[in-house]
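Listed below are the residues making up each chain.
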Amino acid sequence: MAGQPFERLLDGDPPLLAAVEAIVVAAHPDWYAAAGGRDWSEPKAYHWLHYEDPDPVDRLADGVRRLLPELKSREADVDAAISLAGRLGMGQPTP
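This write-up is about the structure you can find in this document. (Residues numbered from 1 in each chain as written. Predicted model: local features only at pLDDT ≥ 70, side-chain atom pairs only at ≥ 80, totals over all residues. Heavy atoms only, no water.)

## A few points about the overall build of the protein chain
Okay, step 1: On a plain count of helices and strands, the protein chain comes out with five helices and zero strands.
Okay, step 2: Reading the protein chain from its N terminus to its C terminus gives the helix and strand order α-α-α-α-α.
Okay, step 3: Summarising its shape, the C-alpha atoms of the protein chain cover approximately 40 × 30 × 25 Å along the three principal directions.
Okay, step 4: Split into buried and exposed, the 95 residues of the protein chain put 31% on the buried side.
Okay, step 5: Sequence separation of at least 24 residues holds for 57% of the intrachain contacts in the protein chain that already meet a minimum separation of 6.
Okay, step 6: As displayed, the protein chain has an accessible area near 5,900 Å², and 56% of this comes from carbon and sulfur atoms.
Okay, step 7: Charged side chains of the protein chain number 9 positive and 16 negative; the gap between the two group centres comes to 5 Å. (Helix = DSSP H or I, 4+ residues; strand = E, 2+ residues; numbered from the N terminus. Buried < 20%, exposed > 50% of the residue type's maximum accessible area, 1.4 Å probe, protein only. Contact = heavy atoms within 4.5 Å. Areas by Shrake-Rupley, 256 points an atom, 1.4 Å probe, with all protein chains shown as cover. Lys, Arg positive; Asp, Glu negative; His and termini not counted. Charge placed at Lys NZ, Arg CZ, Asp CG, Glu CD.)

Here it is in structure tokens:
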């Protein structure tokens, strides 16, 4: 995703950027609880992603790397995002 023009990340149904964002935000409560956090909220996930940063793709990539154990339980969602990226001509992501 990082090598693509930002506008391409808004293609697809759902848009690829939104699909990956949803996966990361959905995995965050598990990580947050394991880290000892209480009273999780969606705004806390976005704050954790540092979404005020001007490069949201880099923030999502960092979030994916940090949440790899939690993402294993969301394999179907991850596969759907990878499939969407392929349909948009972006190919397989590199680790």
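## Looking at the nonpolar core
Okay, step 1: Counting 21 residues, the largest nonpolar core has Leu 9, Leu 16, Val 24, Leu 49, Leu 60, Leu 67 and Met 90 as the members making the most contacts within it.
Okay, step 2: Secondary structure elements with two or more residues in this core: helix 1 (16–34), helix 2 (42–48), helix 3 (56–66) and helix 5 (75–87).
Okay, step 3: If you tally residues by element for this core, the top one is helix 1, at eight residues.
Okay, step 4: Not counting residues up to four positions away in its chain, the partners in contact with Val 24 are Trp 48, Leu 49, Leu 60, Gly 63, Val 64 and Leu 67. (Core = buried A, V, L, I, M, F, W, Y, C linked by side-chain atoms within 4.5 Å.)

## Re the packing of aromatic side chains
Okay, step 1: Tallied over the entire structure, the rule returns one aromatic pair.
Okay, step 2: Where Trp 31 meets Trp 48, the ring centres are 5.1 Å apart and the plane angle is 45°; that geometry is what we call tilted. With Trp 31 in helix 1 and Trp 48 in helix 2, the pair connects residues that are 17 residues apart, well separated along the chain.
Okay, step 3: For Trp 31, a relative accessible area of 25% translates into the label partly exposed. (Phe/Tyr/Trp six-rings, centres within 6.5 Å; stacked < 30°, edge-to-face > 60°.)

## A word on unusual backbone geometry
Okay, step 1: Cis rather than trans, the peptide bond between Asp 13 and Pro 14 has omega equal to 10°.
Okay, step 2: Position of Pro 14 among the secondary structure elements: in the segment before helix 1.
Okay, step 3: Even without being a glycine, Asp 39 presents a positive backbone phi close to 55°.
Okay, step 4: Here Asp 39 lies in the loop between helix 1 and helix 2.
Okay, step 5: Given the relative accessible area of 66%, Asp 39 is considered exposed.

## What about the pattern of salt bridges?
Okay, step 1: For the coordinates displayed, the defined rule picks out four salt bridges.
Okay, step 2: When the shortest N-O distance is used, the salt bridge between Arg 74 and Asp 30 registers 3.1 Å. With Arg 74 in the loop between helix 4 (68–71) and helix 5 and Asp 30 in helix 1, this residue pair connects regions lying 44 residues apart in the sequence.
Okay, step 3: A residue is classified by how much of its surface remains accessible, and Arg 74, at 18% relative accessible area, is buried.
Okay, step 4: Of the residues examined, Asp 30 reaches a relative accessible area of 38% and is grouped as partly exposed.
Okay, step 5: Residues joined in a network through salt bridges with shared partners are Asp 58, Arg 59, Asp 62 and Arg 66. (Salt bridge = Lys/Arg side-chain N within 4 Å of Asp/Glu carboxyl O.)

Functional significance is not addressed by these values, which are geometric in nature.
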